[in-house]
Amino acid sequence: MYQKYKNVEIVKPGGLELKDRLVGVQRVTKVTKGGRAFGFSAIVVVGDENGVVGHGLGKSKEVATAIAKAIEDAKKNLVRIPLNKGTLPHEQKGKYGGARVYIKPASQGTGVIAGGAVRAVLEAVGVHDVLSKSQGSSNPHNVVKATFDALLQLRGAQTIANQRGISLEKVFKG
């Protein structure tokens, strides 16, 4: 799932206190010979509010089982995101389908300035101060995946130093 990203650390859910956030539930209708068959799809974001986050999709005839399936799916897709004192290391753009998300670090005390699906993902990661803008499609599925695209492209200072083969001081002082 995360093959196109270079520095993704996949995390196992064992030993983590994960909190789940329901992003959205859609009622899906399938027209059959005998009438309409209703089902539900739920998208959920789980995270430990300390840099580990995952998203999942569940589908079922009942809402409760759709949410339970989504939580299980989210626990299978956990990744670690680099954080820097309650905010992000740098600004980043993410894209998925028609949804585009822009996230930018903010000074302490700003809070999470984000709407809907982006807010759910950022709060599950554990970001306390961030500015964001969601553009294009407002479909929660695509917005969550665009936010993950932006988060997975983030690199911490230590990662950049290792990739360039220089010391941590040289990254900041040039």
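Please read these numbers as outputs of a predicted model, since none were measured by experiment. (Residues numbered from 1 in each chain as written. Predicted model: local features only at pLDDT ≥ 70, side-chain atom pairs only at ≥ 80, totals over all residues. Heavy atoms only, no water.)

A. Representation of the sheet that holds strand 4 (residues 52–60) in the model. Strand order in the open sheet formed by 5 strands is 1-5-4-3-2, with antiparallel pairing between adjacent strands. The open sheet terminates on both sides in strands that have one partner only, identified here as strand 1 (9–10) and strand 2 (19–32). Sheet topology note: the strand 1/strand 5 (residues 79–80) ladder contains 2 bridges and is antiparallel. Residue Glu-9 lies in a different strand from strand 5, and its bridge partner there is Arg-80. The strands touched by helix 1 (residues 63–75) within the sheet are strand 2, strand 3 (35–47) and strand 4, with strand 4 carrying the most contacts at an inclination of about 145 degrees. (Pairing = 2+ DSSP bridges. Helix = DSSP H or I, 4+ residues; strand = E, 2+ residues; numbered from the N terminus. Contact = heavy atoms within 4.5 Å. Axes fitted to C-alpha atoms, helices over the stretch in contact; angles between N-to-C directions.)

B. Fine view of the nonpolar core. Formed by 29 residues in total, the largest nonpolar core has its most connected members in Val-53, Ile-81, Ile-103, Leu-122, Val-144 and Leu-151. Of all the secondary-structure elements, those providing two or more residues to this core are strand 3, strand 7 (99–105), helix 2 (116–125) and helix 3 (140–152). In this structure, this core is formed jointly by two domains, domain 1 (9–79) and domain 2 (83–163), each of which donates at least three residues. Each residue touching Leu-151, except ones within four places of it in the same chain, is listed here: Ile-81, Leu-88, Ile-103, Val-121, Leu-122 and Val-125. Counting 10 residues, the second largest nonpolar core, distinct from the first, contains Val-52, Ala-66, Ile-71 and Ala-74. (Core = buried A, V, L, I, M, F, W, Y, C linked by side-chain atoms within 4.5 Å. Buried < 20%, exposed > 50% of the residue type's maximum accessible area, 1.4 Å probe, protein only. Domains from an automatic or database assignment.)

C. Highlighting the sheet that holds strand 6 (residues 92–96). An order of 6-7-9-8 is seen for the 4 strands of this open sheet, with the pairing classed as mixed. In this open sheet, the two strands that pair with only one neighbour each are strand 6 and strand 8 (112–113). Pairing between strand 7 and strand 9 (residues 130–136): 7 bridges, direction antiparallel. The residue bridging Pro-105 from the neighbouring strand is Val-130, located in strand 9. Lying on the sheet, helix 3 is in contact with strand 6, strand 7 and strand 9; it crosses strand 6 at an angle near 140 degrees.

D. Highlighting the packing of helix 2 against helix 3. Two numbers describe how helix 2 lies on helix 3: the axes approach to 8 Å, and their chain directions differ by 40 degrees. In terms of their interaxial angle, helix 2 and helix 3 are classed as oblique. As helix 2 packs across helix 3, the resulting crossing turns out to be right-handed. Contacts from Ala-117, Val-118, Val-121, Leu-122 and Val-125 of helix 2 reach helix 3 at Pro-140, Val-143, Val-144, Thr-147, Phe-148 and Leu-151. A per-class count over the contact of helix 2 with helix 3 returns 10 nonpolar, 1 polar and no charged. (Parallel < 35°, antiparallel > 145°, perpendicular 65-115°, else oblique. Left-handed = near helix turned anticlockwise from the far one by under 90°. Nonpolar A, V, L, I, M, F, W, Y, C, P; charged D, E, K, R; others polar.)

E. Spotlight on the environment of Arg-27. Mapped onto the secondary structure, Arg-27 falls in strand 2. Through-space distance from the C-alpha of Arg-27 to that of Lys-61 is 9.4 Å; in sequence the pair is 34 residues apart. Contacts of Arg-27, omitting those with residues within four sequence positions, involve Phe-38, Gly-39 and Phe-40.

F. Inspection of the pattern of salt bridges at higher detail. Throughout the structure, instances matching the rule amount to 4 salt bridges. In this structure, Lys-19 engages Glu-49 in a salt bridge whose closest nitrogen and oxygen atoms are separated by 3.4 Å. A residue pair is termed long-range when its members are at least 10 positions apart, and Lys-19 in strand 2 and Glu-49 in the loop between strand 3 and strand 4 qualify at 30 residues. Residue classification places Glu-49 among the partly exposed positions, given a relative accessible area of 31%. Note that Arg-21 is salt-bridged to Glu-123, the shortest N-O span being 3.7 Å. With Arg-21 in strand 2 and Glu-123 in helix 2, this residue pair connects regions lying 102 residues apart in the sequence. By relative accessible area, Glu-123 is classed as partly exposed at 23%. (Salt bridge = Lys/Arg side-chain N within 4 Å of Asp/Glu carboxyl O.)

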